[in-house]
Amino acid sequence: MKNFDLKFNSKAIHAGSKPCPATGAHIGPIYLTSTFVMENVEHAIRVSQGEEEGYSYGRYGNPTETELGEKMAVLENGEKGIATASGMAAITTTLMTFLKSGDHLIAGDVTYGCTYGFMRDILTKYGIEVTFVDTSDLEQIKGAIKPNTKVVYIETPCNPVLRLADIKGSAEIAHNNGASLIVDSTFATPYLQNPLDLGADVVVHSATKYLGGHGDIVGGIVVGSKETIAEIRDPHLKFFGGIISPNDAWLIIRGLKTLGLRMKTHCENAQLVAEYLEDHPMVEKVYYPGLPSHPQHELAKKQMRGFGGMMSFDVKGGFEGGKTVMNNVKLISLATSLGSIDSLIQHSPSMSHFTMSKEEREKVGIMDGQVRLSVGVEEAENIIADLDNALIEVKKVIG
Ligand SMILES: Cc1ncc(COP(=O)(O)O)c(C=O)c1O
């Protein structure tokens, strides 16, 4: 019997997924139920006290959520996974599990706007100290360590300026100081990087993006050790109530089966688009890890298996220039979010990063004219033609 060494696409399709045990239906069902019928009171006691595996109530877990958690655990080389109602539910529930009043958190000074706002406004309200540093610089992480540091949190590549953090180096610093490393790997997905293999303790995702992949759901994922995920699920997720709905879990399971196919095209298209933009006279700067001009191109080659579908760029003429591009694209939609099969463009300062003040944004290079582009899987030449037409308008406006 041949030993199967399952590769990415095979795992994405098969891991965690099996035919319906009751009917043999090829594709597992969506378990639309809020509660589960117990055999008797003894059974109810065993399940609710954790002596026996099983389901008792939808907010604690559901078989469709289990299938998604198992698939993601396999894709991330983790022991267990959990699926949440949004990426933010995954992030906030994980941080509330790891931190308590009096603890210290080190996080990137560029992270998704709501993550940044949660740390700056909510965690501090509960007596958790937060230090934001440039996590692309290991010395800054090291320099921020305090005796009460419990978590180092990095987003890599980060939203929206595509800065990378060295996952292995960050894990070493965290672990040498008794802290844990949490990585938001939303932009990379498990197709391009596996933070747990590089020493991270937990990986979180907004499944709303590439994992779902079709722009039709909101969801989140956390993967880590069996013990960590058990602690996140019960009591934290159970009390905060951020479990995913079975419908959304099922759509993410379906999306994951083609993650590898989609990511390959996202990466190929984004490389062509980034090279086109970098050469364009109306574009000042392109932020894309696949370009040799990206300051961490070498790190990207080392820690990722490709460069992804996300980029930002500064258009000549500042806000007027950026606005003209966003208002003149036709195939690409002006919408926040990312990672969908169709290309999306947005103004980071007023959309995804609006929770940061202008001062906070400019300090880290999120300038008013900056445009973020999620390159879809349409034909690259059509995406480029759409941008080309919009950039002609910039020339008319700013001369
Ligand atoms: C990098 C990153 N992490 C987390 C989130 C939050 O995810 P969600 O919108 O699914 O709550 C986002 C959303 O844009 C994101 O870009």
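The structure displayed is predicted, hence computed values, not measured ones.

## Overview of the side chain of His 104
Right, on to step 1. Positionally, His 104 belongs in strand E2 (residues 104-108).
Right, on to step 2. In this structure His 104 comes out as buried when scored by relative accessible area, which is 0%.
Right, on to step 3. There is a polar contact of 2.6 Å between the side chain of His 104 and the side chain of Thr 131.

## Topic: the sheet that holds strand E12 (residues 370-374)
In a beta sheet, neighbouring strands are held together by backbone hydrogen bonds and run either parallel or antiparallel to one another.
Right, on to step 1. Taken in spatial order, the 5 strands make up an open sheet running E8-E9-E12-E11-E10, and their pairing is mixed. Each edge of the sheet is formed by a strand with only one pairing partner; in this case those strands are strand E8 (283-287) and strand E10 (333-334).
Right, on to step 2. Pairing of E8 with strand E9 (residues 310-315), which is carried by 4 bridges, proceeds in the antiparallel orientation. What sits directly across from Val 283, in E9, is Val 315.
Right, on to step 3. In the packing of helix H11 (residues 259-278) onto the sheet, the strands contacted are E8, E9 and E12, and the crossing angle to E9 comes to about 10°.

## Points about the site of the ligand
Right, on to step 1. Around the ligand there are 14 residues in total, and Met 88, Asn 159, Asp 184, Ser 206 and Thr 208 lie nearest to it.
Right, on to step 2. Side-chain polar atom of Asn 159 to an oxygen atom of the ligand: 2.9 Å apart, as the coordinates give it.
Right, on to step 3. At 3.0 Å from an oxygen atom of the ligand is found a side-chain nitrogen or oxygen belonging to Lys 209.
Right, on to step 4. Split into classes, the residues belonging to the shell around the ligand amount to 4 nonpolar, 7 polar and 3 charged.

## Some points on the side chain of Gln 346
Right, on to step 1. Positionally, Gln 346 belongs in strand E11 (residues 344-347).
Right, on to step 2. The exposure class of Gln 346 is buried, given its relative accessible area of 1%.
Right, on to step 3. Polar side-chain contacts of Gln 346 include one of 3.2 Å to the side chain of Ser 348.
Right, on to step 4. Beyond its immediate stretch of four places on either side in the chain, Gln 346 contacts Met 326, Leu 334, Ala 335, Thr 336, Met 351, Ser 352, Gln 370, Val 371 and Arg 372.

## Focus: the domain arrangement of the chain
Right, on to step 1. Segmenting the chain into domains produces domain 1 (8-30 + 61-256) and domain 2 (259-398).
Right, on to step 2. Here the C-alpha centre of domain 2 lies 25 Å away from the C-alpha centre of domain 1.
Right, on to step 3. Overall, the association of domain 1 and domain 2 removes approximately 3,300 Å² of surface from exposure, summing both partners, and the carbon and sulfur fraction of that is 59%.
Right, on to step 4. On the domain 1 side of the contact with domain 2, Leu 164, Leu 192 and Tyr 210 bury the most area, a combined 23% of that side's loss.
Right, on to step 5. Counting across the domain 1 and domain 2 interface gives 1 salt bridge.

## Quick word on the packing of aromatic side chains
Right, on to step 1. The final tally for this structure, using the stated rule, is 4 aromatic pairs.
Right, on to step 2. Ring geometry for Phe 8 against Tyr 191: centres 5.2 Å apart, planes inclined by 75°, an arrangement best described as edge-to-face. One end of the pair, Phe 8, is in helix H1 (residues 8-14); the other, Tyr 191, is in helix H8 (residues 189-192), and 183 residues separate them in sequence.
Right, on to step 3. Between the aromatic rings of Tyr 57 and Tyr 60, the centroid separation amounts to 5.5 Å while the plane-to-plane angle is 75°, which identifies the pairing as edge-to-face.
Right, on to step 4. Between the NZ or CZ atom of Lys 238 and the centre of the ring of Tyr 60, over which it lies, the distance is 4.6 Å.

## Focus: the environment of Gly 290
Right, on to step 1. Examined against the element boundaries, Gly 290 turns out to sit in the loop between E8 and helix H12 (297-303).
Right, on to step 2. With relative accessibility at 5%, the residue Gly 290 sits in the buried group.
Right, on to step 3. Taking the C-alpha atoms as reference points, Gly 290 and Lys 301, 11 residues apart in sequence, are found 8.2 Å from one another.
Right, on to step 4. Contact partners of Gly 290, with chain neighbours within four places excluded, come to Gln 271, His 297 and Phe 307.

## Details of the environment of Val 110
Right, on to step 1. Position of Val 110 relative to the elements: it lies in the loop between E2 and helix H5 (113-123).
Right, on to step 2. Separated by 254 residues in sequence, Val 110 and Val 364 have C-alpha atoms that sit 6.7 Å apart.

## As for the sheet that holds strand E1 (residues 80-84)
Right, on to step 1. Reading across from one edge, E1-E7-E6-E5-E4-E2-E3 is the order of the 7 strands in this open sheet, with mixed pairing throughout. The sheet terminates laterally at E1 and strand E3 (129-133), the two strands that pair on one side only. Shown here is a sheet whose adjacent strand axes are inclined to one another by a mean of 20°, direction ignored.
Right, on to step 2. Where strand E4 (residues 149-155) meets strand E5 (residues 180-184), 5 bridges bridge the pair, whose relative direction is parallel. Residue pairing across strands places Glu 155 opposite Asp 184, the latter belonging to E5.
Right, on to step 3. Running at roughly 155° to strand E6 (residues 202-206), helix H4 (residues 87-98) makes contact with E1, E2, E4, E5, E6 and strand E7 (220-224) of the sheet.
Right, on to step 4. Running at roughly 145° to E3, H5 makes contact with E2, E3 and E4 of the sheet.

The rules we used
- Residues numbered from 1 in each chain as written.
- Predicted model: local features only at pLDDT ≥ 70, side-chain atom pairs only at ≥ 80, totals over all residues.
- Heavy atoms only, no water.
- Helix = DSSP H or I, 4+ residues; strand = E, 2+ residues; numbered from the N terminus.
- Buried < 20%, exposed > 50% of the residue type's maximum accessible area, 1.4 Å probe, protein only.
- Polar contact = N/O pair within 3.5 Å; in protein donor to acceptor, adjacent residues only side chain to side chain.
- Pairing = 2+ DSSP bridges.
- Contact = heavy atoms within 4.5 Å.
- Axes fitted to C-alpha atoms, helices over the stretch in contact; angles between N-to-C directions.
- Near = heavy atom within 4 Å.
- Nonpolar A, V, L, I, M, F, W, Y, C, P; charged D, E, K, R; others polar.
- Domains from an automatic or database assignment.
- Buried area = accessible area lost by both parts, 1.4 Å probe.
- Salt bridge = Lys/Arg side-chain N within 4 Å of Asp/Glu carboxyl O.
- Phe/Tyr/Trp six-rings, centres within 6.5 Å; stacked < 30°, edge-to-face > 60°.
- Lys NZ or Arg CZ within 6 Å of the ring centre and 35° of its normal.

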